[in-house]
Amino acid sequence: MDLQGKRVVIFGGKTGLLGQSLTKALTSTGAKVYPLSSKDCDLLEPVEVEKLLNRRDPDLIINAVAYTAVDLAEDEEEAAFALNATAPQLLAAEAIRRGIPFVHYSTDFVFKGDSETPYTVYDETGAFSVYGISKAEGERNLLALGYEKTLIIRISWLFGPGKINFVEKILSLAEERDTLSVVDDQTGSPSYAPDVATNTVKLLEHDATGIYHLANSGDTTWYGLASAAVALTNIDCDVQPVPSSAYPTKATRPRYSVLDLGRFTQATGETPRHWKEALEEYVKKELKK
Ligand SMILES: NC(=O)c1ccc[n+]([C@@H]2O[C@H](COP(=O)([O-])OP(=O)(O)OC[C@H]3O[C@@H](n4cnc5c(N)ncnc54)[C@H](OP(=O)(O)O)[C@@H]3O)[C@@H](O)[C@H]2O)c1
């Protein structure tokens, strides 16, 4: 798809962590982008959604909206399912009616996390948190529609500009404390939002459809990510590894949820840069630490 001049509606594009990077990346292709927040259009209000889309008449719909409060979702199952499982179908139905492509994001939390090797797009899902189950149901609902212009992109451990995230939180805590304890028994793939956004553009330019995994290359633990971020700065803070049991959370996280990026490389001929390189750009150029 040539994005130049295309009308692109991005749900979540105005205020979301990923959405804001998508807005930037899509705008730089020459597309006419309409970024939205929940105030502009509530995805839980189908009439509002239809009116908005009729007014904007898009050539492409991107859904970067989700119920992302992983622990709160354990108590707010209905709200999580409404946004993560039901709303994507509504957007896909609008895309089908218009015959235009639809991009939707999902998560590494759809996996059980008991693997020893990176999860491929062909691996079975097995989510156990409400958030993960609701996102997996969102994927299934889209696949059940059988619409060939649907692109589902699973990402993981997102960080980047525009909204508070793990890396920014760690650095501000490190500035206040002498030591920090960070979980070292969950392994995943950090994803820099601007890289996910530019790589999404690459998938669109290659007319990719179906399920893809997108993250930065390499993997680490939360401790690995936190200590690498602090090491890029002059902050004097001792980062210590601890087991998940030191920080009990309402929702259990996958122990291992590294994403295999092979299908992205097959489609585009490119390999996403390593997370350490992306982290350095974020910490030094964006956060200016
Ligand atoms: N963050 C991660 O670490 C991570 C990891 C893996 C996958 N993902 C996936 O990546 C995608 C983007 O996540 P994110 O972290 O960028 O999300 P986010 O920062 O939490 O942003 C969510 C966006 O959804 C909008 N929104 C919430 N409720 C809405 C509603 N009822 N109607 C319309 N818009 C609504 C929000 O708008 P307001 O600001 O107006 O509320 C915001 O723009 C999601 O599919 C998520 O599951 C994220």
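This text goes with the structure placed above it.
Conventions adopted
- All residue numbers here refer to positions counted from 1 along the written sequence of the relevant chain.
- For this predicted model, a pLDDT threshold of at least 70 governs which residues receive local features, and a threshold of 80 or more governs which side-chain atom pairs are given and counted, while totals over whole chains, interfaces and linings are taken from all residues.
- For the side-chain quantities, the full set of heavy atoms in the structure was used; hydrogens and water were omitted.
- The helix and strand labels rest on DSSP assignments: H or I over at least four residues marks a helix, E over at least two residues marks a strand, and numbering proceeds from the N terminus.
- For a compact globule the rule gives 2.2 Å times the number of residues to the power 0.38, and the radius of gyration it is set against comes from C-alpha atoms.
- For the exposure calls, accessible area comes from a 1.4 Å probe over protein chains only, and a residue counts as buried if that area is under 20% of its type's maximum, exposed if over 50%, partly exposed in between.
- Residue contacts are counted whenever heavy atoms from the two residues lie within 4.5 Å of one another.
- Per-residue and other accessible areas follow the Shrake-Rupley method at a 1.4 Å probe size, with only the shown protein chains counted as cover for residues.
- Residues counted as positive are Lys and Arg, residues counted as negative are Asp and Glu, and His and the chain ends are not counted.
- Lysine's charge is taken at NZ, arginine's at CZ, aspartate's at CG and glutamate's at CD.
- Strands are treated as partners if at least two bridges between them are detected by DSSP.
- Interaxial angles span 0 to 180 degrees and are taken between N-to-C directions of axes, which are lines fitted to C-alpha atoms, for helices over the stretch in contact.
- Neighbouring residues are identified by heavy atoms, a residue being near a molecule or strand if any of them is within 4 Å of it.
- Residues adjacent in sequence count toward polar contacts only when both atoms are side-chain atoms; beyond that, a polar contact is any pair of N or O atoms within 3.5 Å, and within protein one must be able to donate a hydrogen and the other to accept it.
- Polarity classes work like this: nonpolar for Ala, Val, Leu, Ile, Met, Phe, Trp, Tyr, Cys and Pro, charged for Asp, Glu, Lys and Arg, and polar for all others, with Gly in that last group.
- When the strands point away from the viewer and the path from the first strand over the helix to the second turns clockwise, the crossover is right-handed.
- Here the aromatic set is Phe, Tyr and Trp, taking the six-membered ring for Trp, and pairing holds for ring centres within 6.5 Å; pairs whose planes are under 30 degrees apart are stacked, those over 60 apart are edge-to-face, and all others are tilted.
- Whether a charge sits over a ring comes down to the Lys NZ or Arg CZ being within 6 Å of the ring centre and within 35 degrees of the ring normal.

(A) Focus on the overall build of the protein. What the protein contains, in helices and strands, is 9 helices and 12 strands. Since a compact globule built from 289 residues should have a radius of gyration of about 19 Å, the 19 Å found for the protein is in line with a globular shape. Each principal axis of the C-alpha atoms in the protein carries an extent, and together these give about 55 × 40 × 35 Å. The buried share of the protein, taken over its 289 residues, is 52%. Here the contacts in the protein between residues at least 6 apart in sequence split such that 82% fall between residues at least 24 apart. Approximately 12,900 Å² of the protein is accessible, and the part contributed by carbon and sulfur atoms is 48%. One way to put it: in the protein the 30 positive side-chain charges average out to a point 6 Å from where the 41 negative ones average out.

(B) Quick look at the sheet that holds strand 3 (residues 60-63). The strand order across the open sheet built from 6 strands is 2-1-3-4-5-10, with neighbouring strands paired in parallel fashion. Looking at which strands have only one partner, the edges of the open sheet turn out to be strand 2 (32-36) and strand 10 (210-213). Going from strand to strand, the sheet's axes swing by 20 degrees on average, the running direction of each strand aside. Across 4 bridges, strand 5 (residues 150-155) lies against strand 10 in parallel orientation. From the neighbouring strand, Ile152 faces strand 10, where its bridge partner is Ile211. Sitting on the sheet, helix 4 (residues 130-145) is in contact with strand 4 (102-107), strand 5 and strand 10, with an inclination near 150 degrees to strand 4.

(C) How the structure looks around the site of the ligand. With respect to spatial proximity, 26 residues lie near the ligand, and among them Thr15, Ser38, Thr68, Tyr131 and Lys135 are the closest. Taking Leu158, its main chain carries an N or O atom lying 3.1 Å from an oxygen atom of the ligand. Relative to its free-state accessible area of 900 Å², the ligand is covered by the protein chains to the extent of 83%. Residue assignment for the shell around the ligand shows that the elements contributing at least two residues are helix 1 (17-27), strand 4 and helix 4. For the shell around the ligand, the element with the most residues is strand 4, which contributes 3 residues. Considering only residue class, the shell around the ligand consists of 14 nonpolar, 9 polar and 3 charged.

(D) Layout of the pairing of strand 4. Within strand 4, 6 of the 6 residues are buried, leaving the element largely enclosed by the surrounding structure. Across the two faces of strand 4 the burial is the same, with Phe102, His104 and Ser106 and Val103, Tyr105 and Thr107 all buried. This β-α-β element, strand 3 to helix 3 (residues 77-98) to strand 4, shows right-handed connectivity. As paired strands, strand 4 and strand 5 are joined by 6 bridges and run parallel to one another. The residue of strand 5 that forms the bridge with His104 is Ile152.

(E) Representation of the packing of aromatic side chains. With the rule as written, the count across this model stands at 7 aromatic pairs. Pairing Phe109 with Tyr131 gives two aromatic rings, centres 5.8 Å apart and planes at 75 degrees, and the pair type is edge-to-face. Here Tyr131 lies in helix 4 and Phe109 lies in the loop between strand 4 and helix 4, a separation of 22 residues in the sequence. As far as burial versus exposure is concerned, Phe109 and Tyr131 are alike and both buried. Look at Trp157 and Trp222: their rings are 3.6 Å apart centre to centre, the planes differ by 15 degrees, and that puts the pair in the stacked class. With Trp157 in the loop between strand 5 and strand 6 (158-159) and Trp222 in helix 7 (residues 222-231), this pair connects stretches of sequence that are 65 residues apart. Given the relative accessible area of 8%, Trp157 is considered buried. One Lys or Arg, Arg263, reaches over the ring of Tyr212 and ends 4.4 Å from the middle of that ring.

Shape is all these values report; function is a separate question.
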